[in-house]
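Architecture and fold: a report
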Amino acid sequence: MSVQVVSAAATAKVPEVELRDLSPSEAEPQLGLSSAAVGAMVPPAGGGDPEAPAPAPVAERPPAPGPGSGPTAALSPAAGKVPQASAMKRSDPHHQHQRHRDGGEALVSPDGTVTEAPRTVKKQIQFADQKQEFNKRPTKIGRRSLSRSISQSSTDSYSSAASYTDSSDDETSPRDKQQKNSKGSSDFCVKNIKQAEFGRREIEIAEQEMPALMALRKRAQGEKPLAGAKIVGCTHITAQTAVLMETLGALGAQCRWAACNIYSTLNEVAAALAESGFPVFAWKGESEDDFWWCIDRCVNVEGWQPNMILDDGGDLTHWIYKKYPNMFKKIKGIVEESVTGVHRLYQLSKAGKLCVPAMNVNDSVTKQKFDNLYCCRESILDGLKRTTDMMFGGKQVVVCGYGEVGKGCCAALKAMGSIVYVTEIDPICALQACMDGFRLVKLNEVIRQVDIVITCTGNKNVVTREHLDRMKNSCIVCNMGHSNTEIDVASLRTPELTWERVRSQVDHVIWPDGKRIVLLAEGRLLNLSCSTVPTFVLSITATTQALALIELYNAPEGRYKQDVYLLPKKMDEYVASLHLPTFDAHLTELTDEQAKYLGLNKNGPFKPNYYRY
């Protein structure tokens, strides 16, 4: 489905998979790094001997997932054109305005000469329900980005015949451009390769806040634990991801990359990666057709066969299963970092269709308890401020879901003086919300009075058309979950509703009676679509991903079955220890007597697998 400007863009069907629980297994495979690599990576506690050997840790099997859970030229106009302001009327003592008979405006100069003033034209863009293969896509037309569905067919994302008042961008699509980097390579597709120098500065800034990845480069670069690895990735393409990709390259891997979200790509960073020789296929504002085309270009390339997958949301894994299932014969493992993608992996495992081992990074301690909580606690305010310039004090907010993401959002909004309500399906999370001072409600009870609605569930149809119809005028609606199915945006694509683009990623949806709601990022992930996220906390997640790739790639055959595993706790602790020096933090070391009393090794792991942090 697409925006009907000149013609329609294409879509690709994504079948829906039913979510089911997966029973945990008793097997706990061993860590897949060489003894030399483990010894080199594990830092001592306190003043312990850094060369002291550590016992081989065991991999943890997670419980079944439950619901809810430089040069100044870089700044020159050439680096990025500033859009020109639209024609504006201004008071001028030497000119006076008068109306033409046809409704246009004229300027009358002192000598009597009449000239016609420029007029602003409103364009009505129709969303057409037309489907075609992406390789038959029309060229050089203005495109609007299309909504991508995680767990339902992409053709269901938009309904037909919705009006949209906006100025169409007539720029040439990156797919229609012939670009080469300074080395003569054209194996990439980005918005503008000339932005590479500016993107390099962004990456250098991110490196300063990602100490663990930089340390990992130094400690493991000599051993090259990823030598021979061919990693295909589908994540948010930001400066932080670029640091991860370059770290993987330094450890011996070859990488090809696409974006997991059509709005989160930083064009200048993608250009910098392409200039450095990474085959990157992504730009901000892709259409639905572009999104799948980019993934296909990463996977389907002559003479290159991936043997590892790094995914965020499960779309890359799904595409390979759908289009190139034979590739899994050479793939050693999948690393997945989102709730949505992990659910899909458990579904495949439950159905007996998961043919390679997979690592559930989302539920590793260092991802869930840090990225999900602390990242969202800071970025929710940033995203809302940048898009709406709103004041939080006294506003009534409902947060749907009180998992780690919901906890972070609620804490930030409460600290700013907002009145926060919470909806939950899980009685344990619900009790936590109550104990933290939030009122637990059903969405129907407060939908008429709240000023902001935020979804954090990873589920679908949490906010329905009925809820949207009952919202007060100017209510802000946004999503902090990975999936774009939490808000039923498709139901708003109807003829009686008018869409008005206010600013980038901010739409007014206007009802016939004049009521309007403010929809951010078309229901997609707010923080990465509309703002930025704290680099330091992403360092934790990126390091976890890198270690998971190293673990699966180096594991002997048979250690991991065709199932879903958690990152070994020893690695979780190692990721955390790499970040402590930033705070000038000093760990206490157990004495021999204390270690014996607790039944622990002095070098960890320090908590049993069932411990909940």
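These numbers come from a predicted model, not from an experiment.

1. Notes on the overall build of the protein
Helix and strand counts for the protein stand at 17 helices and 21 strands. Going through the 613 residues of the protein one by one, you find that 56% of them count as buried. Summed over all atoms, the accessible surface of the protein reaches about 27200 Å², with 51% contributed by carbon and sulfur.

2. A short note on the packing of aromatic side chains
Following the criterion strictly, the structure yields nine aromatic pairs and no others. Centroid distance Y560 to Y565: 4.9 Å. Interplanar angle 75 degrees. Geometry classified as edge-to-face. By relative accessible area, which is 0% here, Y565 ends up buried. Taken together through their ring pairs, the aromatic side chains of F291, W292 and W319 make up a single cluster. For K332, the ring lying beneath its charged end belongs to Y553, and the centroid distance is 4.4 Å. The ring of Y611 carries the charged tip of K607 above its face, separated from the ring centre by 5.2 Å.

3. Here we look at the pairing of strand β8 (residues 254-259)
Among the six residues that make up β8, five are buried, leaving the element largely enclosed by the rest of the structure. Summarising the sheet, strand β7 (residues 230-235) and β8 pair through six bridges and their orientation is parallel. Within the sheet, the bridge partner assigned to G233 lies in β8 and is W257. For the handedness criterion, the β-α-β arrangement of β7, helix α4 (residues 239-250) and β8 is classed as right-handed. Where β8 meets strand β9 (residues 280-281), two bridges bridge the pair, whose relative direction is parallel. Note on β9: the bridge partner recorded for A258 is F281. As for the winding sense of the linkage, the β-α-β connection from β8 through helix α5 (residues 267-275) to β9 is right-handed.

4. A closer look at helix α2 (residues 196-208)
For α2, spanning 13 residues, the distance from its first C-alpha to its last is 19 Å, which sits close to the expected 18 Å at 1.5 Å a residue. Residues A196, G199, R200, R201, I203 and A206 constitute the buried set of α2. Elements in contact with the buried residues of α2: α4, α5 and α15 (535-554).

5. A short note on the nonpolar core
Formed by 64 residues in total, the largest nonpolar core has its most connected members in L226, I231, L248, W257, V280 and M359. Residue assignment for this core shows that the elements contributing at least two residues are α2, α3 (211-220), α4, β8, α5, β10 (308-311), α15 and α16 (569-579). Looking at this core element by element, the count peaks at 11 residues for α15. In this structure L248 touches L226, I231, A253, C255, W257, A546 and L549, once residues within four positions along its chain are discounted. Listed in part, the 34 residues of the second largest apolar core include V232, W293, C294 and V299.

6. Observations regarding the pairing of strand β14 (residues 419-423)
Burial analysis of β14 places four of its five residues in the buried class, the great majority of the element. Judged from the five bridges that link them, strand β13 (residues 396-400) and β14 form a sheet pairing that is parallel. Of the residues in β14, the one forming a bridge with V399 is V422. Taken together, the two bridges between β14 and strand β15 (residues 439-440) define a ladder with parallel strand orientation. What sits directly across from V422, in β15, is L440. Between the parallel pair β14 and β15, the chain is carried across by helix α11 (residues 427-435), and the sense of this crossover is right-handed.

7. Overview of the pattern of salt bridges
Counted by the stated rule, this structure contains 21 salt bridges. With a shortest N-O distance of 2.9 Å, D382 and R386 are connected by a salt bridge. Of the two residues, D382 and R386 both sit in helix α9 (residues 365-388), four residues apart, roughly one turn of that helix. By relative accessible area, which is 44% here, R386 ends up partly exposed. The closest approach of N and O atoms between D469 and R465, which form a salt bridge, is 2.8 Å. Pair noted here: D469 and R465 are both in helix α13 (residues 465-470), with a separation of four residues, about one helical turn. The class for R465 is buried, based on a relative accessible area of 19%.

8. Overview of the sheet that holds β10
One open sheet holds the seven strands; their spatial order is β9-β8-β7-β10-β11-β12-β21, and the pairing between them is parallel. At either margin of the open sheet sits one strand with a lone partner, and together these are β9 and β21 (564-566). Note: strand β11 (residues 333-336) against strand β12 (residues 358-360), three bridges, orientation parallel. Of the residues in β12, the one forming a bridge with E336 is N360. Packing of α4 onto the sheet brings it into contact with β7, β8, β9 and β10, and relative to β8 it is tilted by some 160 degrees.

9. Let's talk about the confidence of the model for the protein
Model confidence for the protein is summarised by a mean pLDDT of 79, while 72% of its residues fall at 70 or above. Note that residues 1-105 has pLDDT below 50 and, in this model, 222 contacts with residues that lie over four places away or in other chains. Low pLDDT, under 50, characterises residues 120-133; the predicted model gives this stretch 51 contacts beyond four residues in sequence or across chains.

10. A few points about the environment of N181
Among the structural elements, N181 can be located in the loop between β6 (163-166) and α2. On the basis of relative accessible area, N181 is assigned to the buried category, the value being 6%. With residues up to four places along the chain from it excluded, the contact list for N181 reads F188, I193, A274, E275 and G277.

Scoring rules and cut-offs
Residues numbered from 1 in each chain as written. Predicted model: local features only at pLDDT ≥ 70, side-chain atom pairs only at ≥ 80, totals over all residues. Heavy atoms only, no water. Helix = DSSP H or I, 4+ residues; strand = E, 2+ residues; numbered from the N terminus. Buried < 20%, exposed > 50% of the residue type's maximum accessible area, 1.4 Å probe, protein only. Areas by Shrake-Rupley, 256 points an atom, 1.4 Å probe, with all protein chains shown as cover. Phe/Tyr/Trp six-rings, centres within 6.5 Å; stacked < 30°, edge-to-face > 60°. Lys NZ or Arg CZ within 6 Å of the ring centre and 35° of its normal. Pairing = 2+ DSSP bridges. Right-handed = clockwise from strand over helix to strand, strands pointing away. Expected span 1.5 Å × (residues − 1). Contact = heavy atoms within 4.5 Å. Core = buried A, V, L, I, M, F, W, Y, C linked by side-chain atoms within 4.5 Å. Salt bridge = Lys/Arg side-chain N within 4 Å of Asp/Glu carboxyl O. Axes fitted to C-alpha atoms, helices over the stretch in contact; angles between N-to-C directions. pLDDT = per-residue confidence, 0-100.

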